[in-house]
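Commentary on secondary and tertiary structure
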Amino acid sequence: MDSPPVVILRDEVKRILRYKDLIPRLELALAVFSRHNDSEIIQPVRSVIPLRNYNGFMGLMPAYMEQEGILSTKIVCFYKRADDSTLPSTQATVLLFDPECGNVKAIMDGEVITSMRTAAASAISAKWLMSAQAEVLAILGTGKEALSHYNVFTEIFTFKEVRVWSRTRERAEAFSRTVGGPVKVCVTVEEAVKDADAIVTVTRTTQPILFGKWIKPGAHVAAVGACRPDWRELDDVLMREAVVYVDSREGATTESGDVILSGATVFAELGEVLNETRPALREKTTVFKSLGLGIEDAVSAKLVLDQWEATERDL
């Protein structure tokens, strides 16, 4: 209790965290979350403070997993940046606490955790909702989240073609040079998503860029951007015609402009699919609207700390 908190920096988090370890833990956490039992998990919807002078927000994401003894919070600042801005669009830090004593056990970089747990949740949605014969993956966006999604989707699935789109061709080409496999650079969103089986939207847009008329029947969309109630990535046609899954009903109906402004009906939480209380309709066109959960950060941070401590013991 008197020991100072462990500080784990970005490079160390990146070295430790692996999708093969993270995904099964997130699946379990999402399933427990969707049982909505306060004796297992307490997680309020993210609290957000506007940073009006800087066109941004600060979000607080606490979570308590009582059975596992995990108490954490993530502090994240996110911004609506101009396309040519060199400033980061997000900055995050995760704190792990001793739930009995209340002291901080660990402080760690939250950027790698955020990008990897978000991509892992999208991959879980695709595992359950994407066609088993999927061949084409389209990624809209070229930032950190685009890279993490590319990494996990190509690690656990096999695609014949991966496409990428960005608002500038230069960024799309730079992204294609960064990743470890072949990527087709597309000039338009329509070109990127034509006949795609899986589509990932990880953009900073606040207005729809993906339209239902472009989507082939049975496609799966993992929608990650647009995390404010007045921001959108997907149009009304797509949101209303697709079967919509979310990480949290309460979060989606409070924070997601794609859900709120379209008037779309949420069919199920992803955890309900994992619990087999709601079906995975992979033959339908599906949307997984991801806003991120504090329990995802909690599970990820605990995994990082456990593996860091194991490494320290071996030295």
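Residues numbered from 1 in each chain as written. Predicted model: local features only at pLDDT ≥ 70, side-chain atom pairs only at ≥ 80, totals over all residues. Heavy atoms only, no water.

Considering the sheet that holds strand β12 (residues 220-223)
- What the eight strands build is an open sheet, ordered β10-β9-β8-β11-β12-β15-β13-β14; its pairing is parallel. Unpaired on one side and paired on the other, β10 (184-186) and β14 (266-269) mark the two borders of the sheet. Averaged over all adjacent pairs, the angle separating strand axes in this sheet is 20°, with direction ignored.
- Sheet topology places strand β9 (residues 161-165) next to β10; three bridges connect them, and they run parallel. Its bridge partner being in β10, Arg163 is matched across the sheet by Lys184.
- In the packing of helix α5 (residues 169-178) onto the sheet, contacts are made with β9 and β10, and the angle to β10 comes to roughly 165°. (Pairing = 2+ DSSP bridges. Helix = DSSP H or I, 4+ residues; strand = E, 2+ residues; numbered from the N terminus. Axes fitted to C-alpha atoms, helices over the stretch in contact; angles between N-to-C directions. Contact = heavy atoms within 4.5 Å.)

Some thoughts on the environment of Val187
- Structurally, Val187 can be placed in the loop between β10 and α6 (189-193).
- Look at Val187 and you get exposed, because its relative accessible area is 57%.
- Expressed as a C-alpha distance, the spacing of Val187 and Met58, which sit 129 residues apart in the sequence, is 34 Å.
- When neighbours within four sequence positions are excluded, Val187 is seen to be in contact with Trp165 and Arg169. (Buried < 20%, exposed > 50% of the residue type's maximum accessible area, 1.4 Å probe, protein only.)

Topic: helix α3 (residues 111-129)
- The end-to-end C-alpha distance of α3, which contains 19 residues, comes to 27 Å, matching closely the 27 Å that a straight helix rising 1.5 Å per residue would cover.
- In terms of residue burial, α3 counts as a mostly covered element, since 17 of its 19 residues are buried. (Expected span 1.5 Å × (residues − 1).)

Thoughts on the packing of helix α2 (residues 19-33) against α3
- For the pair α2 and α3, the least separation of the axes is 9 Å and the interaxial angle reads 70°. Taken together, the axes of α2 and α3 lie roughly perpendicular to each other. Between α2 and α3, the residues in contact are Tyr19, Leu22, Ile23, Leu26, Glu27 and Leu30 and Met116, Arg117, Ala119, Ala120, Ala121, Ile124, Lys127 and Trp128, respectively.
- By residue class, the composition of the contact of α2 with α3 is eleven nonpolar, no polar and three charged. (Parallel < 35°, antiparallel > 145°, perpendicular 65-115°, else oblique. Nonpolar A, V, L, I, M, F, W, Y, C, P; charged D, E, K, R; others polar.)

Here we look at unusual backbone geometry
- Unusually for a residue other than glycine, His36 sits at a positive phi of about 50°.
- Note on placement: His36 falls in the loop between α2 and β2 (41-42).
- Backbone geometry places Asp195, a non-glycine residue, at a positive phi of 60°.
- Topologically, Asp195 is positioned in the loop between α6 and β11 (198-201).

With respect to the side chain of Arg228
- Residue position: Arg228 is located in the loop between β12 and α7 (236-241).
- As a buried residue without a salt bridge, Arg228 has its nearest oppositely charged side chain in Glu255, at a separation of 4.7 Å.
- If we ignore the near neighbours within four places in the chain, the residues touching Arg228 are Val48, Phe57, Phe78, Glu255, Ser256 and Gly257. (Lys, Arg positive; Asp, Glu negative; His and termini not counted. Salt bridge = Lys/Arg side-chain N within 4 Å of Asp/Glu carboxyl O.)

All we've got here are geometric facts, nothing functional implied.
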